[in-house]
Amino acid sequence: MIQTIYYKDDAVYVLDQNQLPAKVHYEKCLTYQEIAVAIKELKVRGAPLIGVTAAFGMALAIQNFNNEKNLLAFYEEVESVMRSTRPTAVNLFWAIRRMRRVFETHLGLDQVELAKIMLREAQDMYEEDLRINIDMGEYGQTLLGSDSQVMTICNAGALATCGHGTALGVIRAAHARKHIQRVWACETRPVLQGSRLTIWELMEDKIPVTLITDNMAASVLRDKNITAVIAGADRIAANGDTANKIGTYGLAVLARQHGVPFYIAAPLSTIDMSISNGEEIPIEERNQDEVRMVRGTYITVPEVDVFNPAFDVTPHEFIDGIITEKGIIQAPYIKGLKAVFSEGGDV
């Protein structure tokens, strides 16, 4: 399974996902600013991986601190830069809070020791994410019987995490038991995470997969005996409303119309108990050229006005279960999510 991020010789190396599937290239990041740009420009993407990458960036910031200003003031500047990169992905803010606790606990140490501790925390988060994804997959695969045909959108796989994946982690676990007949992957306009990344991942793992355009989903759900739809998430509200890649809401509506169960797979770090419902989730709007262009070439009139939200919100009533590392949570979600956190799921 491909590695998405690693630290070596005072630098963080991130897999540049904008170059996939044509080229596997790791970008060397020496500063927290370079990490922030990599997140902003989708070289790094996927809520769990964004969080861990930001943690490595904050550790780099301490490693490179030049003593020209107050360390606390400097660290707050670093946090501000990281927060501004991807406002919808709550794992980013979870990681910032976790790194802040480590920073404050060890603030009295010298810079070298503090940097080592921060880097160790980021590495711990990396390893935890991989274990969490494996656990999530084991819980989720129980929802899929033999000869399952699963539809998914965007990329919620190893490339969106530190390994194994969330939605694709469930599919991988089911495939290991020979329960997957086929995966149907939506291309996921406008930047094609489905066709570029999910297809590449699944074909590398020799999991049977068919690519469809986003507007084929309804007819495929009707005609191809789809067993389940599984998607990832960037933020889940306390009532179960879920923000994920644009198009997920429509897919959930279509699944309900065709009697196909719709599941969300996400770690507890994606759940935001501070907001009551999806209306409170900030939705990132991205550069209009993502829609106007494909691979640097205009596919429409260059001057056309474009609406380009990166995410939409699926209301909880369209979700048949939320798969986490602590198990499968079912409606009423506000009760189930509170129970998970009260049992030690506080992240």
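A few points on the structure. Computed from a prediction, not measured in an experiment: that's the story for all the values here.

### Remarks on the packing of aromatic side chains
Enumeration according to the criterion identifies six aromatic pairs in this entry. Considering the side-chain rings of Tyr 6 and Tyr 13, the 4.9 Å spacing of their centres and the 10 degrees angle between planes classify their relative orientation as stacked. Taking relative accessible area as the criterion, Tyr 6 reaches 24% and is therefore assigned partly exposed. Tyr 13 gets classed as buried once you look at its relative accessible area, which sits at 16%. With 4.0 Å between their ring centres and 5 degrees between their planes, Tyr 75 and Phe 103 make a pair best called stacked. Residue Tyr 75 is located in helix 3 (residues 71–83), and its partner Phe 103 is located in helix 4 (residues 90–105); the two are separated by 28 residues in the primary sequence. Since its relative accessible area comes to 0%, Phe 103 is described here as buried. Linked through ring pairs, Tyr 6, Tyr 13 and Tyr 26 together constitute an aromatic cluster. Here the basic side chain of Lys 245 rests over the ring of Phe 311, its NZ or CZ set 4.6 Å away from the ring centre.

### Topic: the environment of Val 150
By the element assignment, Val 150 lies in strand 4 (residues 148–152). As for Val 150 and Phe 262, which are separated by 112 residues in sequence, their C-alpha atoms are 10.0 Å apart. Ignoring anything within four residues of it in the chain, the contact list for Val 150 reads Leu 144, Ile 171, Ile 180, Arg 182, Val 183, Trp 184, Ala 228 and Ile 230.

### Concerning helix 4
For helix 4, spanning 16 residues, the distance from its first C-alpha to its last is 23 Å, which sits close to the expected 22 Å at 1.5 Å a residue. Most of helix 4 sits out of view: 12 of its 16 residues are buried. Those residues of helix 4 not exposed but buried are Val 90, Asn 91, Leu 92, Phe 93, Trp 94, Ala 95, Ile 96, Arg 98, Met 99, Arg 100, Val 102 and Phe 103. Contacts from the buried residues of helix 4 go to helix 2 (47–63), helix 3, helix 5 (111–140), strand 8 (235–237) and strand 11 (271–272).

### Structural notes on the sheet that holds strand 5 (residues 180–186)
Strands sit in the order 6-5-4-7-10-15-16 across an open sheet of seven strands; the sheet is mixed. The outermost strands of the open sheet, each flanked by one partner alone, are strand 6 (209–212) and strand 16 (327–329). Taking the axes of each pair of neighbouring strands and ignoring which way they run, one obtains an average angle of 25 degrees across the sheet. Pairing of strand 4 with strand 5, which is carried by five bridges, proceeds in the parallel orientation. Looking at strand 5, one finds that Ser 148 is bridged to Ile 180.

### Structural notes on the packing of helix 5 against helix 6 (residues 167–176)
Taken N-terminus to C-terminus, the directions of helix 5 and helix 6 make an angle of 60 degrees; their axes are 7 Å apart at the nearest point. It follows from the interaxial angle that helix 5 and helix 6 lie oblique. As helix 5 runs across helix 6, the sense of the crossing is right-handed. Each of Met 136, Gly 137, Glu 138 and Gly 140 in helix 5 lies in contact with helix 6, whose residues at this interface are Gly 169, Val 170 and Ala 173.

Scoring rules and cut-offs
Residue indices follow the written sequence of each chain, beginning from 1 at its first position. At least 70 in pLDDT is required for a residue's local features to be given in this predicted model, at least 80 for side-chain atom pairs to be given and counted, and no such filter applies to totals for whole chains, interfaces and linings, which use all residues. Hydrogens and water are ignored here; the side-chain numbers use all heavy atoms of the structure. Working definition: a ring pair exists when centres of Phe, Tyr or Trp rings (six-membered ring for Trp) sit within 6.5 Å. Plane angles under 30 degrees give stacked, over 60 give edge-to-face, the rest tilted. Burial status follows relative accessibility: with a 1.4 Å probe on protein chains alone, a residue under 20% of its type maximum counts as buried, one over 50% as exposed, and anything between as partly exposed. Segments assigned H or I by DSSP are reported as helices when at least four residues long, segments assigned E as strands when at least two residues long, and all are numbered from the N terminus. Put simply, a charge is over a ring when the Lys NZ or the Arg CZ is close to the ring centre, within 6 Å, and near the line of the ring normal, within 35 degrees. Residues are treated as being in contact if the distance between any of their heavy atoms lies within 4.5 Å. For a helix, the expected span equals 1.5 Å multiplied by the number of residues minus one. In this description, strands pair whenever DSSP reports at least two bridges between them. A fitted line through C-alpha atoms represents every axis, and for helices the fit uses only the stretch in contact; the resulting angles, taken between N-to-C directions, go from 0 to 180 degrees. The scheme is simple: roughly parallel for angles under 35 degrees, roughly antiparallel for over 145, roughly perpendicular for 65 to 115, oblique for anything else. The hand of a helix crossing depends on one turn: near helix anticlockwise from the far one by less than a right angle means left-handed, and clockwise means right-handed.

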